[in-house]
Amino acid sequence: MTRLHEGHVALVTGAAQGIGAAAAEVFAREGAKVVVADAKVDGGLERVESLRAGGAEAEFVEVDVTREDSVAAMVERCVELYGRLDCAMNNAGITDPMHPFDELTLENWERMIAVNLTGVFLCMKHELRQMAGQEPRDGRRGAIVNTSSGAGIVPAPGQPHYTAAKHGVLGLTKVAGSEYYARGIRANAICPGVTETPMVRQSIGFNQGAEEKLRSTVPGGEFGRPEDVASAAVWLCSEQARWVNGQGLIVDGGGVMR
Ligand SMILES: NC(=O)c1ccc[n+]([C@@H]2O[C@H](COP(=O)([O-])OP(=O)(O)OC[C@H]3O[C@@H](n4cnc5c(N)ncnc54)[C@H](O)[C@@H]3O)[C@@H](O)[C@H]2O)c1
């Protein structure tokens, strides 16, 4: 038995690679039709090809989550393709080299906030509008899961902008969870620890000694796998989590305990 109802429609941003790509696969395995959304066209199309090869229904939509017109068009395209939107994972994000707080430029700050916080706000705005206006299915109109981070709970060293954005994602999640639950929509977040993805490889490339530092944040020194995070995210969107709302679920092997 799959964890999602037959024909559920799932939209995942940042799904060309890393955690989003793994989530697209888990959503498909659990019975959803999947919209793979990303700024990277080649990676997104490859992802769709691999999902289809596994027997899933999937489509690619190019999106820049920092632009409202692009986000609105993404949600519209999803509805045009599959008729509705049941599960949305707002996961697209970027990283940046470590900066001492007093050396972080306004440009770096603004870029990070644009993708990792404003991008989530814009996606949620258009997804909530669609979900709130659609007919309930099995009494539910939709479920949202945002990708925050351990840095949404504790500070990431050298990353004031990333930390602020990820804390903000939890704030948006709580507001949506409190305002839309009565209308049949849940909103939650996942807070992954260091997970083996292209982003982490990039961040190790940026900063000397980063790999050791990152490994020291994970119990046993072993990074998580994208599927570890993806399966928790899909569970949060499933009926099994029907009474979980407004939460940030830490998925990190126990590195951060709250
Ligand atoms: N990997 C980790 O250790 C880790 C830990 C905590 C949180 N996270 C968060 O998980 C999410 C996914 O991270 P990942 O490690 O898989 O990263 P990744 O870099 O491997 O994948 C991120 C994806 O987001 C896409 N993207 C970036 N900017 C975009 C934009 N403006 N519009 C549309 N798509 C855009 C990229 O093209 C890429 O495909 C991010 O939000 C990240 O902050 C990751």
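Please refer to the structure placed before this passage.
To keep things clear, this report deals only with the structure shown in the data block. (Residues numbered from 1 in each chain as written. Predicted model: local features only at pLDDT ≥ 70, side-chain atom pairs only at ≥ 80, totals over all residues. Heavy atoms only, no water.)

**Considerations on the overall build of the protein chain**
Part 1: If you tally the helices and strands in the protein chain, you get 8 helices and 7 strands.
Part 2: For the protein chain, whose C-alpha radius of gyration is 17 Å, the value lies close to the compact-globule estimate of 18 Å for 258 residues.
Part 3: Each of the three principal axes of the protein chain carries a C-alpha extent, and together these read 50 × 40 × 35 Å.
Part 4: Residue pairs at least 24 apart in sequence account for 71% of intrachain contacts in the protein chain once pairs closer than 6 positions are excluded.
Part 5: Here the protein chain has roughly 11,900 Å² of accessible surface; of this, 52% comes from carbon and sulfur atoms.
Part 6: Computed over 25 positive and 33 negative side-chain charges, the separation of the two mean positions in the protein chain equals 6 Å. (Helix = DSSP H or I, 4+ residues; strand = E, 2+ residues; numbered from the N terminus. Rg over C-alpha atoms; globule rule 2.2 N^0.38 Å. Contact = heavy atoms within 4.5 Å. Areas by Shrake-Rupley, 256 points an atom, 1.4 Å probe, with all protein chains shown as cover. Lys, Arg positive; Asp, Glu negative; His and termini not counted. Charge placed at Lys NZ, Arg CZ, Asp CG, Glu CD.)

**Considering the nonpolar core**
Part 1: Ranked by size, the top nonpolar core spans 32 residues in total, and within it Phe27, Val34, Val36, Leu51, Met89, Val145 and Ile190 carry the most contacts.
Part 2: Of all elements in the fold, only β1 (9-13), α1 (18-29), β2 (33-38), α2 (41-53), β3 (58-62), β4 (87-90), β5 (142-147) and α8 (226-237) reach the threshold of two or more residues within this core.
Part 3: Non-local contacts of Phe27, meaning those with residues more than four positions away in its chain, are made with Leu4, Ala10, Val12, Ala32, Val34, Cys87, Met89, Val234 and Cys237. (Core = buried A, V, L, I, M, F, W, Y, C linked by side-chain atoms within 4.5 Å. Buried < 20%, exposed > 50% of the residue type's maximum accessible area, 1.4 Å probe, protein only.)

**Here's the deal with the site of the ligand**
Part 1: Taken together, 29 residues are adjacent to the ligand, and Ile19, Asp38, Tyr162, Thr195 and Thr197 come closest.
Part 2: The backbone of Thr195 places a nitrogen or oxygen atom 2.7 Å from an oxygen atom of the ligand.
Part 3: Backbone polar atom of Met199 to an oxygen atom of the ligand: 3.4 Å apart, as the coordinates give it.
Part 4: Surface burial for the ligand is 94%, taken as the share of its 820 Å² of free accessible area covered by protein chains. (Near = heavy atom within 4 Å. Polar contact = N/O pair within 3.5 Å; in protein donor to acceptor, adjacent residues only side chain to side chain.)

**Re the environment of Val34**
Part 1: Mapped onto the fold, Val34 is located in strand β2.
Part 2: Owing to a relative accessible area of 0%, Val34 belongs among the buried residues under this scheme.
Part 3: Val34 sits 25 residues away from Val9 along the chain, and the two C-alpha atoms are 6.0 Å apart.

**Comments concerning the packing of helix α3 (residues 68-82) against helix α4 (residues 106-133)**
Part 1: For the pair α3 and α4, the least separation of the axes is 9 Å and the interaxial angle reads 35°. Relative to α4, the crossing made by α3 is right-handed. Counting all contacts with α3, which are made through Glu68, Val71, Ala72, Met74, Val75 and Val79, the residues of α4 involved are Leu122, Cys123, Lys125, His126, Glu127 and Gln130.
Part 2: A breakdown of the residues in the contact of α3 with α4 according to their chemical character gives 7 nonpolar, 2 polar and 3 charged. (Axes fitted to C-alpha atoms, helices over the stretch in contact; angles between N-to-C directions. Left-handed = near helix turned anticlockwise from the far one by under 90°. Nonpolar A, V, L, I, M, F, W, Y, C, P; charged D, E, K, R; others polar.)

**Quick look at the state of the cysteines**
Part 1: Summed over all chains, the structure comprises 0 disulfides.
Part 2: Summary of cysteine pairing: Cys87 is not part of a disulfide, and the nearest cysteine sulfur, belonging to Cys237, is at 4.6 Å.
Part 3: Here Cys191 stays free of any disulfide, with the sulfur of Cys237 as its closest cysteine sulfur at 14 Å. (Disulfide = S-S within 2.5 Å.)

**Some remarks on the pairing of β2**
Part 1: Across the 6 residues of β2, 5 count as buried, placing the element largely inside the fold.
Part 2: Summarising the sheet, β1 and β2 pair through 5 bridges and their orientation is parallel. Counterpart to Val12 in the pairing with β2 is Val36.
Part 3: Crossover handedness for the path β1 to α1 to β2: right-handed.
Part 4: Direction of pairing for β2 relative to β3: parallel, over a ladder of 5 bridges. Across the sheet, residue Val36 finds its bridge partner in β3, namely Phe60.
Part 5: The β-α-β motif built from β2, the intervening α2 and the parallel element β3 has right-handed crossover chirality. (Pairing = 2+ DSSP bridges. Right-handed = clockwise from strand over helix to strand, strands pointing away.)

**Remarks on the pairing of β1**
Part 1: Counting buried positions over the 5 residues of β1 gives 5, a clear majority of the element.
Part 2: Of the two faces of β1, the one holding Val9, Leu11 and Thr13 and the one holding Ala10 and Val12 are both buried throughout.
Part 3: In terms of strand pairing, β1 meets β4 through 3 bridges, oriented parallel. What sits directly across from Ala10, in β4, is Cys87.

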